[in-house]
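Fold and geometry: a report
Now for the letters of each chain:
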Amino acid sequence: MKRIITSTFAMVLFLSISAFAQTPPKAPAAPAPKASPLKWTTENIDMGKIPQGTPASATFKFTNTSSEPVALKTVQPGCGCTTSDYTKEPVAPGKTGYVKATYNAMAMGSYNKSVTVTTDGGDMTVLIIHGEVVAKPAAPAAAPAKN
């Protein structure tokens, strides 16, 4: 019995010492995130209430803050109910460009749509338009004809 207690104590002591003797390896420092070359005036536009059946557009503007021209490689709406237009030519340093998102407001209710923009350098930005589609106001009744 004495031998079992002594060997158990020795094993616990050995494991305790070996556990403290090891230090975890240091993780390599993460590289600093690269700043996007585009500075957007906003990335989220509230379009408010729009009448059903009436397409509504919002324009996102950006400035090229880098020292090189930047081109928009892809501008991809998140669904088929949203279309886009954008600056097609490279934007020179310090100059501005745009992305226009148009939502086809066919279904009533709230909406939240995205347009993903990727530059030729691989930078990606997700632009958001949101609002509410409401019933189109009824046309005023025509005045009765006078005889």
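Data block above holds the structure.
Attention here is on the structure that accompanies the text. The shown structure was predicted, so the numbers you read here are calculated from the model rather than taken from an experiment. (Residues numbered from 1 in each chain as written. Predicted model: local features only at pLDDT ≥ 70, side-chain atom pairs only at ≥ 80, totals over all residues. Heavy atoms only, no water.)

For the rest of this paragraph, the subject is the packing of aromatic side chains. Any two aromatic rings considered together are summarised by their centre-to-centre distance and by the angle between their planes. Here the structure, examined in full by the defined rule, presents 2 aromatic pairs. Between Trp-40 and Phe-62 the ring centres are 5.0 Å apart and the planes differ by 55 degrees, which places this aromatic pair in the tilted class. One end of the pair, Trp-40, is in strand E1 (residues 38–40); the other, Phe-62, is in strand E3 (residues 56–64), with 22 residues separating them in the sequence. This pair shows no difference in class: Trp-40 is buried, exactly as Phe-62 is. (Phe/Tyr/Trp six-rings, centres within 6.5 Å; stacked < 30°, edge-to-face > 60°. Helix = DSSP H or I, 4+ residues; strand = E, 2+ residues; numbered from the N terminus. Buried < 20%, exposed > 50% of the residue type's maximum accessible area, 1.4 Å probe, protein only.)

Our next topic: the nonpolar core. One finds Trp-40, Leu-72, Val-99 and Val-117 to be the most contacted residues of the largest nonpolar core, which totals 24 residues. Counting only elements with at least two residues in this core, the list comes to E1, strand E2 (44–51), E3, strand E4 (72–77), strand E6 (96–103), strand E7 (109–119) and strand E8 (124–134). For Val-99, the contacting residues outside a window of four places in its chain are Trp-40, Ala-58, Thr-59, Phe-60, Leu-72, Val-75, Asp-85, Tyr-86, Val-115, Val-117 and Leu-127. (Core = buried A, V, L, I, M, F, W, Y, C linked by side-chain atoms within 4.5 Å. Contact = heavy atoms within 4.5 Å.)

Here we take up the side chain of Thr-87. Mapped onto the fold, Thr-87 is located in the loop between strand E5 (82–86) and E6. A polar side-chain atom of Thr-87 sits 2.8 Å from the main-chain amide nitrogen of Tyr-98. Once residues lying within four places of it in the same chain are set aside, the contact partners of Thr-87 are Leu-72, Gly-97 and Tyr-98. (Polar contact = N/O pair within 3.5 Å; in protein donor to acceptor, adjacent residues only side chain to side chain.)

The subject of this paragraph is the sheet that holds E8. Read across the open sheet, the 4 strands follow the order E2-E8-E7-E4; overall the sheet is mixed. Each having just a single partner strand, E2 and E4 make up the two edges of the open sheet. Neighbour-to-neighbour, the strand axes of the sheet open up by a mean angle of 20 degrees, direction not taken into account. As paired strands, E7 and E8 are joined by 10 bridges and run antiparallel to one another. (Pairing = 2+ DSSP bridges. Axes fitted to C-alpha atoms, helices over the stretch in contact; angles between N-to-C directions.)

In short, geometric facts, not functional conclusions.
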